[in-house]
Amino acid sequence: MAWARGLDIPFGGETVLYTGHMYQLIPSITTMATSLERFENSWITRFFAIGRVLNRAINISRFMALTHQPEKRAYNTILRNITRLLRASGVDFGYLFAEELYSGALLHDQGVDEVFTTQARRVSALLQKNGVRQVITVDPHTTNMFRSVYRTVLNEYRVEVKSYLELLAERDPDCVRQLDLDLVIHDSCIYARYEEVVDQPRELLRKAGVRIHDPELSGRLTHCCGGPIESLFPGKAQEIANKRTEQLADCGDSVTTMCPICMANIKRASIRGLKVRDISEYLVAAYCPGASRPQGYARNHSSRKNQFRERGLVS
Amino acid sequence: MMKVNPDFLEATKLADRFNASACINCGSCTALCPMGINLLPRRLFRYVLMGLERKVLENIPSIYSCLLCKMCEDNCPAEVPIVENIRVLRTYVNKKWYGLERS
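On a predicted model such as this, the values are computed, not experimentally measured, just so you know. (Residues numbered from 1 in each chain as written. Chains lettered and ligands numbered in written order. Predicted model: local features only at pLDDT ≥ 70, side-chain atom pairs only at ≥ 80, totals over all residues.)

*Asks:* Mind showing me how you'd approach the overall build of chain A here?
*Replies:* Check the secondary structure of chain A and you find 14 helices and seven strands. Within chain A, buried positions represent 43% of all 315 residues. Within chain A, contacts between residues at least 6 apart in sequence are counted, and of these 78% link residues at least 24 apart. (Helix = DSSP H or I, 4+ residues; strand = E, 2+ residues; numbered from the N terminus. Buried ≥ 20, exposed ≤ 12 C-beta atoms within 10 Å, placed from the backbone. Contact = placed C-beta atoms within 7 Å.)

This is the structure in structure tokens:
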């Protein structure tokens, strides 16, 4: 909740911004995945069982996921940007600060159903206790849990859920600065195929003067970033991320994502010169007065195909 | 020789959410899978429908390496709920193999 410091967001209320801890967790997840990738298929994995026993006394996992402050700050900035965007669109909301709980998305994905249902009940009780009726989510995984999955496991669950991108598109805020730049969009599988969030981010970017470049696999046909298996098969996840990053780099050198997991994976696989940024960084520059442009953004579209064409390497 | 386990069949049926009987074995899912695992999901579902528990358990890494990205399900001509089926199998393996939850 360090990200919310100094923003004067009230506690609770009927409408709350719910982060689900996803953006905040990414620096730790990335470090952990990198550590695991080093051990994958090595003889050390034979001793992981001992590690699991030791972990009960000394938290070894914590040492494996030590993160750098600048990275934490970068992810916190994304949440601050989202807050500014919602305020600029006239949305009143609160936040549950330290009371906010993880949605349980990973438990659900891995089929740990009983523990997941317990977590869903805890989250539902928390919302009920605080009189929350509307939830604004910031990432696709929490959106999917809150809007579609909780309903299948909880009897009394009546919360209206919208992602901030849907809400902004609905509010149609005035654009304060035309960005005049080219961006390649990477759609999240969860947003595109589970929650039908495809047009809203594009509408917001187009209105901000962004020329959108869709890779061949985009929208409902988007290609996964590999993120969902990074904790179990980090090497394979990296292969998929590399493949996707190649597809994106073929369309331009500035890529925007709308999911923290996608962003982390594509960044890890990143090709030299490829800029990968969360969509909120561009939106805040376009819709919030006084916000600065994302640094080092590409004004001219320069895909690798174009670069090869200029050098006469391809027709 | 393959051994059919009727209890396994019952367990997946009981899950009430495993539904692969509509699968026409067209291979769209296999062709579209970003993981490129040719086992997933059609052959795996055949093993389940036939009650071949051992064959299913031999393929635990494949079951857990599914990305749940829904590329296959979204393009399945028979509208098989592939992602939920994979999740049901994970739940089964979690209980039966890893003892993660109560059976």
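*Asks:* Help me out: how do you make sense of the pairing of strand β7 (residues 275-278) of chain A in this one?
*Replies:* For a regular strand, the rule is simple: side chains alternate between the two faces of the sheet. Residues and elements named next belong to chain A. Where strand β6 (residues 254-257) lies against β7, four bridges are found, and the strand directions are parallel. Note on β7: the bridge partner recorded for valine 255 is valine 276. Since β6 and β7 lie parallel, the crossover through helix α12 (residues 260-268) that links them has a hand, and here it is right-handed. (Pairing = 2+ DSSP bridges. Right-handed = clockwise from strand over helix to strand, strands pointing away.)

*Asks:* I'm lost on the nonpolar core in this one. Help?
*Replies:* Residue and element names in this part refer to chain A. Counting residues in each nonpolar core, the largest one holds 107 residues, and the members touching the most others are Ile266, Tyr282 and Leu283. Here this core gathers at least three residues from each of two domains, domain 1 (9-168) and domain 2 (174-310). Each residue touching leucine 283, except ones within four places of it in the same chain, is listed here: Leu85, Leu204 and Ala208. (Core = buried A, V, L, I, M, F, W, Y, C linked by C-beta atoms within 7 Å. Domains from an automatic or database assignment.)

*Asks:* Whenever I open this one, the interface of chain B and chain A confuses me. Can you help?
*Replies:* Note: interface size is frequently given as the accessible area lost on complex formation between the parts. Each side of the interface is counted separately: chain B has 15 residues, and chain A has 18 residues. Looking at the side of chain B that touches chain A, the elements that each hand over two or more residues are α5 (60-65) and α7 (82-96) of chain B. Of the residues contributing to the side of chain B that touches chain A, the split by class is six nonpolar, three polar and six charged. (Nonpolar A, V, L, I, M, F, W, Y, C, P; charged D, E, K, R; others polar.)

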